Amino acid sequence: MLYDLLKRCTSIFFNLLNWLLGGKLPPFCSAAVVVEEQGRYLVVQLPGQRTVFPGGFMNWRETPQRGAQREGLEETGLHLEIGDMVGCYTLTSDSWTNMSNLSFVFQARITGGELRDNIEGRPCWLSEDELYAQLNEHGRHIFADYQRQRAGCQFSLVSTSVTPGTPKAAPLAS
């Protein structure tokens, strides 16, 4: 709970600074993973009944793959081998307590470690039906791209806007 409050305060500070600079600061970058084993998916359950794929903001001079690997370990306790990219997604801030970000999502497989809770939430495994029911629209879109990629289909890069009054998804490239 305290960690979630700290993240919100950081977002407020960043958004205020960005506002003072006329919106000239770039979005943050994040990296996440989709891990599937025996028909179940690895997720992290956050405060406020939010369910997300393991991931988070990248560090300075960190590649998206390395960021996904580090965040996966930090949030689950599991060592991951990063595979193909599922997609690249944008999230536009919808409030002062959220930051806009560009997110790289990868397939991954477990190579070791032990599942454990973390400061942000509780990692767990969900079936496909449970996962779909608990993900928000952005997470469902990532999951749909993952399923298309796993089936050998093409997918497109999309932008997810969570700003009220704007379209929810718009193609970035064809």
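Residues numbered from 1 in each chain as written. Predicted model: local features only at pLDDT ≥ 70, side-chain atom pairs only at ≥ 80, totals over all residues. Heavy atoms only, no water.

**Comments concerning the pairing of strand β6 (residues 101–113)**
Formally: Strand pairing follows a simple DSSP-based rule, namely that at least 2 bridges must link the two strands. Put simply, DSSP H or I for four residues or longer makes a helix, DSSP E for two residues or longer makes a strand, and each gets a number counted from the N terminus.
Both strand β1 (residues 28–37) and β6 contribute to a ladder of eight bridges, which runs parallel. The partner of Val35 across the bridge, within β6, is Ala108. Across eleven bridges, the pairing between strand β5 (residues 78–92) and β6 is antiparallel. Looking across to β6, one finds that Met85 is bridged to Phe106.

**Comments concerning the packing of aromatic side chains**
Note the following rule: Whether two aromatic rings pair depends on their centres lying within 6.5 Å, for rings of Phe, Tyr and Trp, where Trp uses its six-membered ring; planes under 30 degrees apart make the pair stacked, over 60 edge-to-face, and the rest tilted. Between buried and exposed lies partly exposed: a residue is buried under 20% and exposed over 50% of the maximum accessible area for its type, with that area taken using a 1.4 Å probe on protein chains only.
A complete count under the given rule lists four aromatic pairs for this structure. For the ring pair Tyr41 and Phe143, a centre distance of 5.0 Å and an interplane angle of 85 degrees mean the geometry is edge-to-face. With Tyr41 in strand β2 (residues 40–46) and Phe143 in helix α4 (residues 137–150), this residue pair connects regions lying 102 residues apart in the sequence. Each member of the pair, Tyr41 as well as Phe143, is classed as buried. Ring geometry for Phe143 versus Tyr146: centroids 6.3 Å apart, planes at 20 degrees, classification stacked.

**Notes on the pattern of salt bridges**
Our working rule: The salt bridge criterion pairs a side-chain nitrogen of Lys or Arg with a carboxyl oxygen of Asp or Glu, the two atoms within 4 Å.
Evaluation of the coordinates by the stated rule reveals six salt bridges. In this structure, Glu71 and Arg70 form a salt bridge, with 3.0 Å as the shortest nitrogen-oxygen distance. For the pair shown, Glu71 and Arg70 are each scored as buried. For the salt bridge of Glu74 with Arg70, the shortest nitrogen-to-oxygen distance reads 3.1 Å. Residue Glu74 and its partner Arg70 are both found in helix α2 (residues 64–76); the two are separated by four residues, about one turn of the helix. Assessed through its relative accessible area of 40%, Glu74 is described here as partly exposed. Through salt bridges with shared partners, one network takes in Glu62, Arg70, Glu71 and Glu74.

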